[in-house]
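Fold and geometry: a report
Chain by chain, the residues:
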Amino acid sequence: MGADNKYSKSAALSMVVANMIGVGVFSAIGFQVIPIEKGGIPDNFAILLVWLIGGLISLCGAFVYAEIATTLKQNGGEYTFLSKLYHPSLGFASGWISLIVGFSGAIASTGLAIGKYSGPALGFDPSSHIYFFGIPLTYQKIVGCVVILIISIFHLRSVKISGLLQTILTGIKVLLLIIFCLAPFFIGYRDGISFFEKFSPTTSSFSIIYSLPFASALVWVMYAYSGWNSAAYIAGSIKKPNKSIPFVLILGVLLVTFIYVLLNASFLFFCTFEQMMYQEDVGNIVSIELFGLRAGTVFAGFFSLALLSTMSAMVIAGPKVSEQVGNDFLFFSKLSKKSKGGSPVFAILLQAFISILLVLFSSFQELIETLGITLAFFSLLTVFGVFILRKKYSAHERPVKTIGYPITPLIFISMILWMIVSFAIEDPMKIWYSVVAIVPGFIIYFLIEKNEKKQ
């Protein structure tokens with residue numbers, strides 16, 4: 001791949017930031033403020049703490065991924081890492097999940113969120129519907145499908161154009177978030193309570209922090225942070241990867257953690273738990289509360305643009321997994337075919353098709369919770385893989401070393417295990433959904449491998 005068809009450091013950083021700051025942070029709090037007996041953590045201090053913990057976990061993961069990605073230097077993320085560190089079947093199962101759930105599911109959930117957020121700006125009720133061949137389709141789903149199609153077609157052209165679009169959309173998103181993050185400091189008081197008083201711990205804060213729902217809340221939080229590793233998916237397509245990948249991964253996580261904590265503080269400062277409870281478009285609710293109905297409608301349009309940045313970043317990163325699968329397996333060779341500009345055409349189109357199907361036939365909450373658990377599982381295996389990496393590759397073959405090794409990978413592993421076990425106790429069926437999604441990946445791998453060995 002020529003230098004013109006590789007992503008610059010700024011484009012890669014914008015992709016990481018855009019991947020992370022998406023539907024998760026704009027929606028998770030609506031499910032965190034619900035009563036504790038229903039799985040929520042309704043305490044201002046506890047909510048901010050869980051977002052800070054999510055950032056620390058992601059930072060530990062970023063330290064490890066920097067070493068793995070700069071050692072292996074190939075596109076594909078967990079698909080490549082798990083294939084080389086464990087066994088190709090595990091890598092393939094990870095690639096399968098990235099295709100049908102990981103990126104396609106995340107794109108679908110973002111499409112649904114855009115459909116919800118854009119309602120006030122476009123002047124329609126997202127829940128109203130029309131009938132298509134006798135099937136009721138809400139406007140939220142229609143908008144989601146249309147946006148997925150448009151963004152995917154745009155990225156078919158070239159890597160250079162994709163990177164430029166990503167940088168512009170991410171700039172819009174960051175500007176919007178700065179307004180919301182700084183608003184509480186300009187206003188100072190809300191209902192006679194200062195910003196810092198609002199988030200001081202209470203006697204109930206610590207009982208919530210030690211509860212199962214607190215650990216389970218990390219599922220939503222880690223989904224919101226899930227793009228922290230996205231630069232690893234394009235490790236073979238970044239200029240000067242040894243310097244760029246660690247910089248992009250670590251700076252991206254630090255920047256987003258800072259934004260997430262302040263953004264959720266802003267949401268909690270301006271709105272009550274009752275206003276946000278079970279709401280997917282918390283950004284719209286806060287905008288109207290802050291600026292009034294007319295200005296809030298304008299901000300709804302900006303929120304939609306911000307989410308477009310997230311979708312665009314995932315449309316860039318996701319096909320890199322499918323492309324790598326196409327390079328490794330003759331059966332999927334079409335997925336590795338590229339346009340003149342370097343974009344994997346069939347991989348992008350397949351991802352768009354699956355994403356649209358998920359928009360049409362899935363609910364928002366189901367997508368988020370299944371995604372959160374499944375993606376965390378493969379990230380956990382990848383981070384554990386750094387211990388294997390150090391046995392397989394000598395020190396001079398590993399240009400970047402994990403900061404804080406072995407403490408940082410152990411922190412990541414223990415925290416993710418705590419989250420998964422707690423969530424399994426709270427809602428065991430969601431774990432089974434993840435297992436059911438993963439198993440076909442192993443079956444397909446062994447069928448294809450057996451067939452290709454005969455050829």
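Anyway, here's the lowdown on the structure attached to this text. What you see is a predicted model; the values in this text were computed from it and never measured.

Before going further, it helps to spend a moment on the overall build of the protein chain. Of the regular secondary structure elements, the protein chain holds 18 helices and four strands. In terms of overall dimensions, the protein chain is globule-like: its C-alpha atoms have a radius of gyration of 21 Å, near the 23 Å expected for 455 residues. Viewed in the frame of its principal axes, the protein chain has a C-alpha envelope of about 70 × 55 × 40 Å. Taken across its 455 residues, the protein chain has 58% of its residues classed as buried. At a minimum sequence separation of 6, the contacts of the protein chain that also span at least 24 residues come to 81%. The average position of the 30 basic charges and that of the 21 acidic charges among the side chains of the protein chain differ by 16 Å.

A word on helix α15 (residues 345-361). The terminal C-alpha atoms of α15, which comprises 17 residues, lie 25 Å apart, in line with the 24 Å expected from a rise of 1.5 Å per residue. Among the residues of α15, Ala347, Ile348, Gln351, Ala352, Ile354, Ser355, Ile356, Leu358 and Val359 are the ones counted as buried. Residues of α15 that are buried make contact with α6 (88-122), α7 (139-154) and α14 (282-328).

Okay, empty space enclosed by the protein next. Enumeration according to the criterion identifies four cavities of 30 Å³ or more in this entry. Volume-wise, the largest cavity comes out at about 340 Å³. Lining the largest cavity are 29 residues, with Tyr223, Ser226, Gly227, Asn229 and Leu375 positioned closest to its centre. Residue composition of the lining of the largest cavity, by class: 15 nonpolar, 13 polar and one charged.

Looking at the largest pocket, its volume works out to about 260 Å³. Lining the largest pocket we find 16 residues, and of these Lys38, Gly39, Trp220, Glu369 and Phe423 sit closest to its centre. Where the lining of the largest pocket is concerned, the elements lending two or more residues are α3 (29-32), α11 (212-224), α16 (364-392) and α17 (407-426). At three residues, the largest contribution of residues to the lining of the largest pocket is made by α11.

Definitions and limits used
Numbering of residues starts from 1 in every chain and runs along the sequence as written. Confidence filtering applies because this is a predicted model: local features only for residues at pLDDT of at least 70, side-chain atom pairs given and counted only at 80 or more, and all residues used for totals across whole chains, interfaces and linings. With hydrogens and water set aside, each side-chain value is computed from the structure's full complement of heavy atoms. The way it works is that DSSP assigns letters per residue, a run of H or I at least four long becomes a helix, a run of E at least two long becomes a strand, and they are numbered from the N terminus. To get the radius of gyration, use the C-alpha atoms; to get the globule rule, take the number of residues to the power 0.38 and multiply by 2.2 Å. Only protein chains enter the accessibility calculation, which uses a 1.4 Å probe; a residue whose area is less than 20% of its type maximum is buried, one above 50% is exposed, and one in between is partly exposed. Residue contacts are defined here by distance: any two heavy atoms, one from each residue, within 4.5 Å place the two residues in contact. Here the positive residues are Lys and Arg and the negative ones are Asp and Glu; neither His nor the chain ends is included. To locate a charge, the coordinates of NZ of Lys, CZ of Arg, CG of Asp or CD of Glu are taken. Take the number of residues in a helix, subtract one, and multiply by 1.5 Å to get its expected span. Cavities and pockets are defined on a 1 Å grid built over the protein atoms alone: a cavity is a set of grid points where a 1.4 Å probe fits but cannot escape, while a pocket is an open set with protein on both sides within 12 Å along at least five of seven lines, and lining residues are those with an atom within 4 Å of any such point. Grid points are joined across faces, edges and corners, and a volume is the space filled by probe spheres set on the points. As a working rule, the residues Ala, Val, Leu, Ile, Met, Phe, Trp, Tyr, Cys and Pro are called nonpolar, Asp, Glu, Lys and Arg charged, and the rest polar, with Gly in that last group.

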